[in-house]
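# Survey of secondary and tertiary structure
So you can see what is in the structure, the chains are spelled out below.
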Amino acid sequence: MGKDVYSLCFMCSVRCPIKVNVENGHVKFIQGNPHVPGIDGALCPRGAAGTALLKDDQRLQTPLIRVGERGSGNWKPISWDEALDYVAEKLQSVIDQYGGRSLVLAERTQLATHVSKTFTKALGSPNHCTHDSLCKGSVNTACRSLFGYTDAQLGIDYKNAKRLVLYGRNIFESISVKEVRTLLQAMDNGAKLTYIDPRVTKTAVKADHYWMIRPGSDLALNYALIHVILKEGLYNKEFVERWVSGLDELREFVQPYTPEWAEKETGIPARSIVALAREVSKDMPKVVFHFGYRGAHHENEIYFRRSIMILNSLMGSIETPGGFFFKKGPGDAGGKAARKLTEQEFPPIEPVRFDKVGTPDLPLPDKNHGAPQMLPHAILNEDPYPIKALIAYRFDPLMSIPDTALTKKALDKLDLIVTIDINYSDIAWYSDIILPESIFLERTDCIQQANGAKPQMFLRRKAVEPKYDTREGAMILKQLGERLGIGKYFPYESMEDLVKWQLEPTGFTMEDFDAKGFVAYCKDPIFQDRKDGLKIKTPSGKIEFVSSLLEDAGFPSFPPYESMPSPDQGSFRLITGRTALHTHVSTQNNVYLNEIMGENPVWIHKDKAREMGIENESRVSIRSSRGASVSKAFVTDCIHPEAVFMVHGFGHEAERSQRSFSKGASDAALQESRMDKIGGSPALHDTFVTVTPA
Ligand SMILES: Nc1nc2c(c(=O)[nH]1)N[C@H]1C(S)=C(S)[C@@H](COP(=O)(O)OP(=O)(O)OC[C@H]3O[C@@H](n4cnc5c(=O)[nH]c(N)nc54)[C@H](O)[C@@H]3O)O[C@H]1N2
Ligand SMILES: Nc1nc2c(c(=O)[nH]1)N[C@H]1C(S)=C(S)[C@@H](COP(=O)(O)OP(=O)(O)OC[C@H]3O[C@@H](n4cnc5c(=O)[nH]c(N)nc54)[C@H](O)[C@@H]3O)O[C@H]1N2
Ligand code: SF4
Ligand SMILES: [Mo]
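Along each chain, the written sequence defines residue order, and numbers are assigned to residues from 1. Throughout, the order in which chains and ligands are written sets their labels, letters from A for the former and numbers from 1 for the latter. With the structure being a predicted model, the display of local features is reserved for residues of pLDDT at least 70 and the display and counting of side-chain atom pairs for 80 or more, all residues being used for whole-chain, interface and lining totals. The side-chain figures draw on all heavy atoms in the structure; neither hydrogens nor water molecules are used.

With that settled, the discussion passes to the site of ligand 1. Whether a residue is near a molecule or strand is decided by its heavy atoms; if any one of them lies within 4 Å of it, the residue is near. Around ligand 1 there are 30 residues in total, and R108, S400, D421, S586 and Q671 lie nearest to it. Think of a polar contact as two N or O atoms within 3.5 Å of one another; within protein, one of them needs to be a possible hydrogen donor and the other a possible acceptor, and neighboring residues in sequence only count if both atoms come from side chains. R108 places a polar side-chain atom, nitrogen or oxygen, 2.5 Å from an oxygen atom of ligand 1. Here I420 contributes a backbone N or O atom positioned 3.1 Å from a nitrogen atom of ligand 1. Against a free-state accessible area of 920 Å², the protein chains account for coverage of 98% of ligand 1. Secondary-structure elements contributing two or more residues to the shell around ligand 1 are helix 5 (132-147), helix 15 (397-400), strand 16 (416-421) and helix 23 (667-670). Lys, Arg, Asp and Glu make up the charged group, whereas Ala, Val, Leu, Ile, Met, Phe, Trp, Tyr, Cys and Pro make up the nonpolar group; the residues left over, Gly among them, are polar. Counted by class, the shell around ligand 1 contains eleven nonpolar, ten polar and nine charged residues. Formed jointly, the shell around ligand 1 draws a minimum of three residues from each of two domains, domain 1 (75-134 + 336-457 + 466-494) and domain 3 (572-693). Where accessible areas are quoted, they stem from the Shrake-Rupley method and a 1.4 Å probe; at the residue level, only the protein chains shown are allowed to cover. Only DSSP runs of H or I reaching four residues or more are called helices, and only runs of E reaching two or more are called strands; each is numbered from the N terminus. Segmentation into domains, and thus their bounds, comes from an automatic or database assignment.

So this is what it looks like as structure tokens:
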């Protein structure tokens, strides 16, 4: 009984559509939205554990101001007025002294991102940055270099695919519910899956073929695949002739990269590489080489991601069922998009970003997102100018940027650190002031414009009243803005007001979301005409194997392959990733998820463990040039001997998150601060560590 509220999960960024059953003001049950094909009522374990947040007395409950040293954990509860007055006053004095540009607002992209971008713009700061480059910056740049579209503007039609190749895209553990379910459906219908990872993941176990690749050598594998495909003429000639430029240069470039050469680099037998090239060509264009997000994060990552999308282009699997498609927006269906606050006029804004993205130092990463990993450098060196205040909004620089010790040193130089979070995160713990946001079940949020083959809009709706003295992020920023003299940029009094304002041009109303939780702009998928009407957004209008984006910025399209170094005797390449049971650094203190997985064991190959005297389940210490962490060992033959693996997001330092405090090891504390300066991703897998009995 009770009532059903359609909303959006926020236990991770996928934001799956949900149906929340509410009785007498309490959430009784959450399930996936049964009206959304592919979701059909399903949730992942983290989504189901969303209910644990409702009553959690270890989450943030009221604004808090620091009374001791930074990081000491001495907090005084204060009222919202006191908190907002304090932040506004401090921020104003920083701006008076150093200008609006001295503020950085760093966040994980979310529905209210247009509100936080409005906040920084109105203050004259170019320094809004998102997590994007930490997650997939090089994927973004690689896609732009070939198609003129970002990865986020590309969709994948899993349902009709016949063959998929995943490079560390651990799709059955690093979950998006709809992707998982449609892929399983395709596999039931005969689609074949090849999975490549130095580690035997759940996806490896479900795949038709699994290759344990030597860490960091995927690019060599791809060059050999391209070599075979071009040598044997296994590509989609009609598509490539019409839509690709630079095929001859590619053909010449891959000449030396034979399968036999790649076997030595990757450990994958030459005959298997040849067999895969031949097999995929039989299924083209219904072939997906997934561009991936997080496997193989190295300084040359841009070239790996490009090689994946070059393979897709050779298959002709672009803008076709069973392959990739360019996501369609409301305009493609004759409709209008929801408004964003960023569409307003702003005062002049400092042109150079704190991370120097868009300058000759970092010309190609996406300016819409920036590069948060540059934050420590910018603060410590006042390069390009002094940064004095940080607002961390649903983003934890201490755990999500490599080299925590360096980040802490930089944070120490700031005059003001504000965190907007729901948990005692590590960055909240290190802040001057914490502004608690209401959890997703307790708040209405901005419109989700869901572009795709069929453009739609979704709405997150408040299911229950906030249990504690918390507010919505978009209201917090508005109330701060009013105190800073930029109130006119926030023309709403409540979240409902804001949503109504957003919906005005669309012709839809909030009530239109009542029946199913979403509205659709059209009924059938929209595809561009592959014969003559593809809208490739590069300067040449073709898929650019020889990339004007790269070459105009002074980078080669095809640099010679450099072998990925193996670790010295006694050390390992540290690789990291996700588990189905946790979201990044957010859920380790969740009552249910913590009970099932409270620590992150370090995977180590059994032969190596024997050499080092390490027993399964024993305590081990992991050391790098940047720091040390302790966890327990998982001794296995399911990992390549050159690597050790840990799940990201453990080793929290915030004591009030009592269940996760000090449990497991933090990868960020170990990782060196390196990056792919062309693509924009941090090189998270370029750190070597030692592992010894603790
Ligand atoms: N070392 C290392 N760094 C990484 C990665 C890695 O594997 N290793 N992975 C990278 C990737 S792929 C990504 S996407 C990023 C993610 O980086 P982050 O965005 O930093 O990580 P999250 O865990 O998604 O969320 C950060 C914070 O959001 C808070 N939060 C959760 N829900 C809400 C909410 O409703 N409102 C508010 N205000 N806060 C909320 C959480 O409590 C948490 O403190 O990290 C990247 N950085
Ligand atoms: N449950 C859950 N699901 C999530 C998330 C979450 O936090 N939890 N986060 C979401 C986000 S933001 C992201 S970005 C995606 C990430 O999704 P994925 O891109 O699938 O990334 P990871 O889970 O980080 O897995 C990386 C895998 O790459 C492997 N790997 C390491 N080095 C190499 C290498 O050299 N070559 C190859 N081929 N593989 C390598 C690792 O062993 C690991 O299994 O997941 C999304 N889904
Ligand atoms: S994948 Fe899971 S946690 Fe993420 S939004 Fe969907 S149900 Fe929620
Ligand atoms: Mo990510």
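For the rest of this paragraph, the subject is the site of ligand 3. Neighbouring residues of ligand 3: C9, M11, C12, R15, C16, L43, C44, R46, G47, I175 and V177. For the shell around ligand 3, the residue count by class is eight nonpolar, one polar and two charged.

In the numbering used here, UniProt assigns the "domain: 4Fe-4S Mo/W bis-MGD-type" (unreviewed entry) feature to residues 2-58. Across residues 2-58, helical content stands at 16% and strand content at 35%; the span's end C-alpha atoms are separated by 28 Å. UniProt positions are given in the numbering used here, feature names are shortened, and annotations may be inferred rather than shown by experiment.

Next up on the list: the sheet that holds strand 19 (residues 456-458). By the convention used here, strands pair only if DSSP detects at least 2 bridges between them. Spatial strand order, 18-19-20: three strands in an open sheet with antiparallel pairing. Every interior strand has two partners, whereas the edge strands, strand 18 (448-450) and strand 20 (518-520), have only one. In this sheet, adjacent strand axes meet at a mean angle of 20° when their direction is disregarded. Note on geometry: axes are lines fitted to C-alpha atoms, helical ones only across the stretch in contact, with angles between N-to-C directions running from 0 to 180 degrees.

We now examine the side chain of N140. Inspection of the secondary structure assignment puts N140 in helix 5. Within polar-contact distance, the side chain of N140 engages the side chain of D132 at 3.5 Å. If we skip the residues at most four places from it in the chain, N140 touches D132, Y149, T150, D151, D366 and H369. The contact criterion used is simple: two residues touch if any of their non-hydrogen atoms lie within 4.5 Å.

Let us now look at the nonpolar core. Judged by nonpolar contacts, the single largest core of 137 residues is most densely connected at V115, F119, F147, Y167, F289, L314 and F545. For this core, the element with the most residues is helix 8 (residues 218-231), which contributes ten residues. Filtering out sequence-adjacent residues up to four positions away, F147 remains in contact with L154, M309, S313, I318, F326, I536, K537, T538 and I543. Counting 21 residues, the second-largest nonpolar core is a separate cluster that includes C129, I379, L390 and L414. Here, nonpolar core means buried Ala, Val, Leu, Ile, Met, Phe, Trp, Tyr and Cys residues that are tied together by side-chain atoms lying within 4.5 Å of each other. For the exposure calls, accessible area comes from a 1.4 Å probe over protein chains only, and a residue counts as buried if that area is under 20% of its type's maximum, exposed if over 50%, partly exposed in between.

Attention now goes to the sheet that holds strand 1 (residues 3-8). Read across the sheet, three strands follow the order 1-2-3 without closing on themselves; strand pairing throughout is antiparallel. Edge positions in the open sheet fall to strand 1 and strand 3 (26-32), since each of these has one partner strand only. This sheet shows a mean twist of 30° between the axes of neighbouring strands, independent of strand direction.

This next bit is on the pairing of strand 17 (residues 433-436). Every second residue of strand 17 is oriented toward a common face, with I433 and L435 on one face and I434 and P436 on the other, all of them buried. The sheet contact formed by strand 4 (residues 64-66) and strand 17 spans two bridges and is antiparallel. By the bridge assignment for strand 17, L64 is matched with I434. Pairing between strand 16 and strand 17: four bridges, direction parallel. Within strand 17, the position partnered with T419 by the bridge is I434.

Take the pattern of salt bridges next. Any carboxyl oxygen of Asp or Glu that lies within 4 Å of a side-chain nitrogen of Lys or Arg is treated as forming a salt bridge with it. For the coordinates displayed, the defined rule picks out 42 salt bridges. A salt bridge links E442 to R59; the shortest N-O distance between them is 3.0 Å. Within this pair, whereas E442 is found in the loop between strand 17 and strand 18, its partner R59 is found in the loop between helix 2 (51-55) and strand 4, the two being separated by 383 residues in sequence. Each member of the pair, E442 together with R59, is buried. A salt bridge links R163 to E279; the nearest nitrogen and oxygen atoms lie 3.2 Å apart.

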